[in-house]
Structure formats: C-alpha cells, structure tokens
Amino acid sequence: MQFITLFQNLPMFSDAPHLVFWEMTKACPLTCLHCRANSLTSRLPDELTTEEAKNFLRELPPRTVVIFTGGDPLIRDDLIELISFSRSLGLIPSVAPAPSKSLIEKIDLLKKAGASSISISIDGATSETHDKLRGYGNFNYAIQSAKRGVEVGLGVQINTVIWRESFTELPRMVKLLKELGVKVWEVFFLIPVGRGKYSLDIDYSNYMDVIQFLVDVTTYGIAVRTVEAPFFRRALLERSEGKTYESPTYIKMINELRSLQGNPINPPQKSTLPTRDGSGIIFISYNGDVYPSGFLPLRLGNIREKSLLSIYRENPILKKIREEKMGGRCGKCEFSIICGGSRARAYTLSKDPFAEDPLCPYFTT
C-alpha cells in the first residue's frame, strides 16, 4: 500500500494546521435547512475584531490555507482588508460566502485583494433541488457566482452536500461542473449539527455507492475532496490497486455519468492530504472559540485567552486525535493513517470524539 507508506513517517500536522477555518460572523441572508452555523439575521456583538483576527493570522506559518467563512463573510466590511493582510503574510486566503447578488458584484474585489479561491455551494443539479435546501432563487446566484469566479481567474470550488434530494442528481452535477469549467468539487457528508438533521441524509446503504462514484468522478478531470467522509481516501487507494466495486445503484450512476460525459479521460485521483477534524484542520468561531472543526462542537479554548497555535499544539484532545488513538473499528483499521474516520460523526452520535465512525462502510477483516 504505497499511499499509506508515503505518510507513515510524517509528523502529521503536529506543529500547525494546514487548513484554518474562521467563522467571521454568524450573520447570513440565507436560512439553509442544513446550516452548520445555525446562522442569524444580524451580527453578534462579540465577534472577533479586525485586530484580533490579524493577531491570530500573524501566528500562522506561510502557505497555511485560511478559509474566511460564516455565516456570510461578505457581511463584514473588513473582509477585503483581511484577505490582503493574509496574502501579505504569505498565507493562502480562500473565501466561502453565501451565493447572492452581492457576491456576484464583489468577486472582482475578492480577486484583486488576493483571494486564491472561492467556494460556491451548489446542492443539486437543478434549481428545484438546490433551492429547496437554500431558498428560492439561490441556485441562479450560485451559478452566476461560479461563472464570474472562473471569468476573473479565481480558483472556483463547488461545495455540495449529499442529501436525499440531490443523491440521484450526482451524475448531472458532474455535467454542471464541467459546463461551468470548475475543476474542484468538495463533497460534504451530513453531520447533524446546527440546523442539519439526519432526516436529510441518504440511506447508510448508499454511502459506499456515493464514495465509489466520486472515485470515478476523478477520472474526468475533477479533483474531489470529501468533508466528514475520510474513507474516500481508502476507496481511492483500493481502486488504484485494482479493486473493483459493484452494486445496482452504483452501476446506474456510472452508466448515467458515462452517457453524459463519455469514457474516463484519466486514471483515478492519486491521493488527498490525510487531514481530519483536529489534525491539519482547526476551526475558529465568530467569538474566538476554537474547535477541531466546524462540525465537531467540542470547545478547546479561545484565542482571546491563549494563542491559536498553543491550543492546537497542546490541547490533549487534539494530540490524541493526531496520534490516531481511536476506538472501535477505527482503532483497528489498517487505513487509519489516511482515514481515521469522521471525528465529528463519532462525537455527535456517541459523545466520544475517539469512538469509531459509525457510518463508515468499511469493515476490517
């Protein structure tokens, strides 16, 4: 297993995270059914100030990816200033805004300020499906925002949550991404935090169908990343070693994909960084509270009281996550280095961040 060997001797993100998500505000014009942030209509008084934000940004080593998210980060009038400041520090700023008319108008400013990429949420291949989750008319804003981002030369990433209504549209989502000229697709598996409920989720029996389908998507020139589904990396590895997968649902999805896109043009994606909640990833809330990720509501400290890197390096929960000291199947799994299971899902369903990922479709032999 060459892919696993590649990472075995690396100190996995022990000194600093690779991805820092900062929830700039909880305010957002949308009220999405699955909102992790449980967004509000107006800003809260205890948001981090511009100077407090600059303080934690100064701590980060160059090339750290900083994702300005929310709520809707466009609501804050210091977003452009902080993107430029991040760029001046050698960081890689990215923005995760709410699709809106305001976003379409400001994409040029984001590019000029130094944003490297922008993530646009499209949660279905049709307006009917997407708008059911995010509100009437939002699909059009998302499409126009993605088009404008590609036009100005921003890296455009499409974010898609896997949910019951969008599941059958995944082959058409690939067609949409290709039409938009988007080359990065970040696929979210549902965690019941905020307004998110498992009633929106697909059946457990279809998890592997989606994972294997995403492996095939990478053969069409689209880089796929998954959120709260690190077992995607195992599927990539196994496919690269010749293992095949079959199920009626998967075969139906692949047949539709090929009817829309033709035959594959590349071998499957080689690999993705083996980050997980709290290992390579850290999340800062609007008021400075620090969490392993936005989907794992386990407070670790606050950057108003202790530096971000001190929390990241010294917190015993994070150290244990990075040492891969998991329980259950995740603790015994031969793929723990590249996967480790979703810590957010384990915590949400068992209140134990070190428990096995209960919805991982892999069983060790």
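For the structure itself, look to the data block above.
Structural notes, computed from the coordinates. (Residues numbered from 1 in each chain as written. Predicted model: local features only at pLDDT ≥ 70, side-chain atom pairs only at ≥ 80, totals over all residues. Heavy atoms only, no water.)

## Regarding the nonpolar core
Quick note on the threshold: Joining through side-chain atoms within 4.5 Å is the link that ties buried Ala, Val, Leu, Ile, Met, Phe, Trp, Tyr and Cys residues into a set, and such a set is a nonpolar core. Partly exposed describes any residue whose relative accessible area lies between the buried limit of under 20% and the exposed limit of over 50%, with all areas from a 1.4 Å probe on protein chains only and scaled to the type maximum. Labels follow the DSSP assignment, with helices taken as runs of H or I lasting at least four residues and strands as runs of E lasting at least two, numbered in each case from the N terminus. Contact between two residues is taken to exist if any of their heavy atoms lie within 4.5 Å; hydrogens are not considered.
Judged by nonpolar contacts, the single largest core of 88 residues is most densely connected at Phe56, Ile122, Ile158 and Trp185. In terms of residues, this core owes the most to one element, helix H8 (residues 207–217), which gives eight residues. When near neighbours in sequence (up to four residues on either side) are disregarded, Trp185 contacts Ile158, Thr160, Leu170, Met173, Val174, Leu177, Leu214, Val217, Ile222, Ala223, Val224 and Arg225.

## Some points on the pattern of salt bridges
The following threshold applies: Basic side-chain nitrogens of Lys or Arg form a salt bridge, by our definition, when they fall within 4 Å of a carboxyl oxygen of Asp or Glu.
Following the criterion strictly, the structure yields 22 salt bridges and no others. Two residues, Lys132 and Glu165, come together in a salt bridge whose shortest N-O distance is 3.4 Å. Of this pair, Lys132 sits in helix H5 (residues 127–134) while Glu165 is found in the loop between strand E5 (155–162) and helix H7 (170–180), placing the two residues 33 residues apart along the sequence. With a relative accessible area of 43%, Lys132 lands in the partly exposed category. Lys175 is the salt-bridge partner of Glu179, the closest N and O atoms lying 2.5 Å from each other. Pair noted here: Glu179 and Lys175 are both in helix H7, with a separation of four residues, about one helical turn. Connected through salt bridges with shared partners, the residues Arg43, Glu47, Arg76 and Asp78 form a single ionic network.

## What to know about the side chain of Asp216
With respect to the helices, strands and loops of the structure, Asp216 is situated in helix H8. Asp216 gets classed as buried once you look at its relative accessible area, which sits at 6%. Dropping the residues within four chain positions of it, Asp216 is found in contact with Arg239, Tyr250, Ile254 and Arg258.

## Describing the packing of helix H3 (residues 79–88) against helix H4 (residues 101–113)
Filter applied, for reference: Every angle, taken between N-to-C directions, lies between 0 and 180 degrees, and every axis is a line fitted to C-alpha atoms, over only the stretch in contact when it is a helix. Orientation is classified from the angle alone, with under 35 degrees giving roughly parallel, over 145 giving roughly antiparallel, 65 to 115 giving roughly perpendicular, and any other angle giving oblique. Ten residues, namely Ala, Val, Leu, Ile, Met, Phe, Trp, Tyr, Cys and Pro, are considered nonpolar, four, namely Asp, Glu, Lys and Arg, are considered charged, and the remaining ones, Gly among them, are considered polar.
Running from N to C, H3 and H4 cross one another at 25°; their axes reach a closest spacing of 8 Å. Classified by the interaxial angle, the pair formed by H3 and H4 is roughly parallel. Packed against H3, whose contacting residues are Leu79, Ile80, Ile83 and Ser84, the element H4 presents Leu109, Leu110 and Ala113 at the interface. Its residues assigned to classes, the contact of H3 with H4 shows six nonpolar, one polar and no charged.

## Concerning the pairing of strand E4 (residues 117–121)
In the case of a regular strand, side chains alternate between the two sheet surfaces. The cut-off we apply is this: Each pair of strands is called paired provided DSSP finds at least two bridges between the two strands. With the strands aimed away from the viewer, a crossover counts as right-handed if its path from the first strand over the helix to the second runs clockwise.
With respect to burial, E4 is a largely interior element, four of its five residues being buried. Bridge analysis of strand E3 (residues 92–95) against E4 gives two bridges, and the strand direction is parallel. The residue bridging Ser94 from the neighbouring strand is Ser117, located in E4. Taking the sense of rotation as the criterion, the β-α-β connection linking E3, H4 and E4 turns out right-handed. Pairing geometry for E4 and E5, over five bridges, is parallel. In the sheet register, Ser121 faces E5, and the bridge partner there is Asn159.

## Describing the environment of Cys28
With respect to the helices and strands, the residue Cys28 is situated in the loop between strand E1 (19–23) and helix H2 (50–59). Between the C-alpha atom of Cys28 and that of Ser42, which follows or precedes it by 14 residues, the distance is 7.3 Å.

## Quick notes on the packing of aromatic side chains
Here is the rule we go by: For Phe, Tyr and Trp, rings pair up if their centres lie within 6.5 Å, where Trp contributes its six-membered ring, and each pair is then called stacked (planes under 30 degrees apart), edge-to-face (over 60) or tilted (otherwise). Note on criteria: charge over ring means Lys NZ or Arg CZ within 6 Å of the ring centre, with the direction from the centre no more than 35 degrees off the ring normal.
Summed over the entire model, instances satisfying the criterion amount to nine aromatic pairs. Between Trp22 and Phe56 the ring centres are 5.6 Å apart and the planes differ by 85°, which places this aromatic pair in the edge-to-face class. In this pair, Trp22 is assigned in strand E1 and Phe56 in helix H2, connecting sequence segments 34 residues apart. Residue Phe56 is classed as buried on the basis of its relative accessible area of 1%. Between the aromatic rings of Phe335 and Tyr362, the centroid separation amounts to 5.4 Å while the plane-to-plane angle is 85°, which identifies the pairing as edge-to-face. Of this pair, Phe335 sits in the loop between helix H13 (328–332) and helix H14 (343–350) while Tyr362 sits in the segment after H14, placing them 27 residues apart in sequence. Like Phe335, the residue Tyr362 is buried in the burial classification. Joined through ring pairs, the aromatic side chains of Phe189, Tyr204, Tyr207 and Phe231 make up one cluster. For Arg322, the ring lying beneath its charged end belongs to Tyr312, and the centroid distance is 4.4 Å.

Coordinates in, geometry out; function isn't part of it.
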